[in-house]
Amino acid sequence: MSAETSLLFDAPGPKALVRHRILAIVGVLLLLAAIFLVLKALANPANDQLTAAKWLPFVEWSSWKDYLIPGLIGTLKAAAISVVLSVVAGVLLGMGRLSQLAPVRIVCGVFVEFFRSVPVLIMMFFAYYFGLFTLGISGSVLPLFAAVVGLTFYNSCVIAELVRSGVYSLPRGQREAGYAIGLTPTQTLSAVLLPQAITAMLPSIVSQLVVILKDSALAYNVAYLELLRQGQNLAVYKGNLIPTLMVLSAIYILINWALTRLARALEARLRSGKRGIKPGPVELGPDPALTAEEEAQDAAAGPR
Amino acid sequence: MDGLQTLLGEYDVVAAFWMTIKLTFFGAIGAFIIGTVVAVMRVSPVKVFQTFGTAYVTLVRNTPLTLLVFGCAFGLAITLQINLAPENSPTFIVDNNFRWGVVALAIYHAAFVAEAIRSGINTVPQGQAEAARAIGLPFLPTITTIVLPQAFRGAIAPLGNTLIALTKNTTVLATIGVAEPALMMRNMFEFNISLLYPIFIIVAAGFVILTLPMGLFFTWWSRKLAVQR
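No experiment lies behind these values; they were computed from the predicted model shown.

**Quick look at the overall build of chain A**
From N to C terminus, chain A includes 12 helices and 0 strands. Start at the N end of chain A and walk to the C end: the helices and strands fall as α-α-α-α-α-α-α-α-α-α-α-α. Out of the 304 residues in chain A, the part that is buried amounts to 37%. Sequence-distant contacts in chain A: of pairs separated by 6 or more residues, those separated by 24 or more amount to 74%.

**Quick word on the environment of Ala78 of chain A**
All names here are of chain A. Within the element layout of this structure, Ala78 appears in helix 4 (residues 61–97). You can call Ala78 buried: it has 29 C-beta atoms within 10 Å. Those residues in contact with Ala78 that sit more than four places away from it in its chain are Leu144, Ala147, Val148, Leu151, Ser216, Ala219, Tyr224 and Glu226.

**A short note on the interface of chain A and chain B**
Buried accessible area, meaning the area lost when the parts come together, often serves as the stated size of an interface. In this complex, chain A contributes 41 residues to the contact, which on the side of chain B involves 47 residues. Counting residues per element, the ones that place at least two in the side of chain A that touches chain B are helix 1 (2–5), helix 2 (14–43), helix 5 (102–117), helix 6 (120–134) and helix 11 (241–271) of chain A. When residues of the side of chain A that touches chain B are assigned to their parent elements, the largest contribution, 9 residues, is made by helix 11 of chain A. In the side of chain A that touches chain B, the residues fall into 29 nonpolar, 9 polar and 3 charged.

**Section: unusual backbone geometry**
In the Ramachandran plot, Ala223 of chain A falls in the positive-phi region, its phi being about 60° despite a non-glycine side chain. Looking at the secondary structure, you find Ala223 of chain A in the loop between helix 9 (185–215) and helix 10 (227–238). Residue Ala223 of chain A is classed as partly exposed on the basis of its C-beta count, with 14 C-beta atoms lying within 10 Å. Unlike most non-glycine residues, Gln81 of chain B shows phi in positive territory, near 60°.

How each quantity is defined
Residues numbered from 1 in each chain as written. Chains lettered and ligands numbered in written order. Predicted model: local features only at pLDDT ≥ 70, side-chain atom pairs only at ≥ 80, totals over all residues. Helix = DSSP H or I, 4+ residues; strand = E, 2+ residues; numbered from the N terminus. Buried ≥ 20, exposed ≤ 12 C-beta atoms within 10 Å, placed from the backbone. Contact = placed C-beta atoms within 7 Å. Nonpolar A, V, L, I, M, F, W, Y, C, P; charged D, E, K, R; others polar.

What follows is the structure, given as structure tokens:
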């Protein structure tokens, strides 16, 4: 990546270096000016957002104990349930789309295409009223139900597509080897292809977790007590909406950034394997000694 | 069938989806402009600009759109009184929410546009930029006349995905009361709960009708513009 982009410009000479330095200084000055203007607007007596009274709630344990931590737990709970359900449903749907039986393939295909096109919020609203009037769910479970259903329907379809493309990206020989030893197409899929495809998809699944975490904020609209809703409750109580929103974005950014890093690390780990796709949790695990040797060879060969 | 007719008679479904189209249109233009600038910053020779670009993408991509929309409408507009519409106009609240909504959509999706364009830049063969440098073009002309036009061709598919996501994400503006399909759907549920399924089918079908052709079109277009390399 870096080697490629550096081709877009020559290595700077003395004049260009001076120019770049001036541009860099102008850029930093513009940024500082923007920050200054924002701070000035916030400190302006009409707004008075920088006063200690509006920021002190964040050093009080009660704000965290009563609002932010329960909100964070709500967000994580909805995201965790949704990701588990989405992976299970997504793998089943993906298998359905790869099925030998045309009706199964078509039904799964229509299902995936349809629910991928429906916005998550629409699905949450529907689940909310469906849960309330048809299933008779009430109380605090209803918003969680709506949030999880909304997130699961959309994300399982995304994961189904990941499964499908993961299986397609495997070498043909894998499927042929499965058939050659007498496995049925379903057995080949579930014992040979899927484990490899899912291992290869692991980084994408972690990235999808970021999407789920972000989308869980939509559940604000069905009155689910997630981070944004709890933050708003805190802001209403303390009268500090702007500082609260800043703290909330910092929390979201930190969690999602950490997850993105995890996804990248997983990807790098998978890439460093000899075959590009490492064998997944099949019965016959990889010989650890062999893997270590392969990795050593890879390290010697350098990055590809 | 009766249910569908009742709903179509009582609610202006077309107007709600027209709002989706307007939001998508303006949001996409904004996102495209900001995203292109950010993508160019990320590949520019000046380190500070690279850092700006990367920081923008990292920060915005990891923030929920709901939080951005909420922050624009309740934080910037209501708390800080920064308004994007004339305050004495009779449609002030509606206009202000609409415009802040478009701003939030543009800011959020710009991060994804920037990533798409950067991946497009990676599809342009190195010889192109080298040739541009060989005839003495500086960085900006190289980017704007040689690399970006080819990068857009290579970025059609991810840009199309971003546009589809933008279309669906306009529903988030229901959070701040923009009269789009999600808000209409909630009103329908409040007043015509007996028509649970017809309501869902109308709104869901609207989005399928909007996004499915978009997906097909972008797949076709990216194949048409694909360069054999």
